[in-house]
Amino acid sequence: MYSTALNEAILDAWLQLTAIVNNDRLVSDLTLNESLVIRLLNQADQPLSASELCQRMTMKKSQMNRTLTAMEDKGLILRKRTSHDKRRMDILLTSKGQQLFEYQHRKILRLIDALVRRLGEQQASEVRKLFLSIAAMASEELSFSHHSEVLL
């Protein structure tokens, strides 16, 4: 095991960055899960179902249902049965959801632009690669630990 002090320092930095990204001034109208759902819906080239959202976000169905219900109550999404498969329910962004996404996305991109200007493109590119590497390793570790717990 690595140094407890190093692990604690990494955790502190991670939590500090997470708190800043989730700061009310940055994404005040949406929870983190709502922000992630709205981003996926905006980026999708075709409608997504709740199951597809769960899979892409590695979220439990019950948690996704709560998130979608809250978003529906806010008027950000619509759930619509498909004509070709009555069992499938597509999740669609409303115009209000699209406008909110665009507003908050611009705010986030302004912050990222400021960070890239301060870091420089070379270092910002290295940070991106590091973030992707950390995300992949964390996903592997969590998947491995989940499978280990199931086997016990």
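Residues numbered from 1 in each chain as written. Predicted model: local features only at pLDDT ≥ 70, side-chain atom pairs only at ≥ 80, totals over all residues. Heavy atoms only, no water.

Q: Residue-level account of unusual backbone geometry, with values.
A: Look at Thr58: it is not a glycine, yet its phi comes out positive at around 45 degrees. In this fold, Thr58 is placed in the loop between α3 (50-57) and α4 (61-73). Relative accessible area serves as the criterion here: at 73%, Thr58 is assigned to the exposed category. (Helix = DSSP H or I, 4+ residues; strand = E, 2+ residues; numbered from the N terminus. Buried < 20%, exposed > 50% of the residue type's maximum accessible area, 1.4 Å probe, protein only.)

Q: Please provide a residue-by-residue account of the nonpolar core, values included.
A: Counting 18 residues, the largest nonpolar core has Val37, Leu41, Leu53, Met64 and Leu68 as the members making the most contacts within it. Among the secondary structure elements, those contributing two or more residues to this core are α2 (32-43), α3, α4 and α5 (95-119). Considering every element that reaches this core, the biggest residue donor is α2, with four residues. Filtering out sequence-adjacent residues up to four positions away, Leu68 remains in contact with Val37, Ala50, Leu53, Ile77, Arg79 and Ile91. (Core = buried A, V, L, I, M, F, W, Y, C linked by side-chain atoms within 4.5 Å. Contact = heavy atoms within 4.5 Å.)

Q: Tell me about α3, residues and numbers included.
A: For α3, the full list of buried residues reads Leu53, Cys54 and Met57. The buried residues of α3 occupy an angular sector of 100 degrees when the element is viewed end-on, so they sit on one face. Exposed side chains of α3 directed beyond 90 degrees from the buried face belong to Gln55 and Arg56. Following α3 by one or two positions, Thr58 has its phi on the positive side, about 45 degrees. (Arc of directions from axis to C-beta.)

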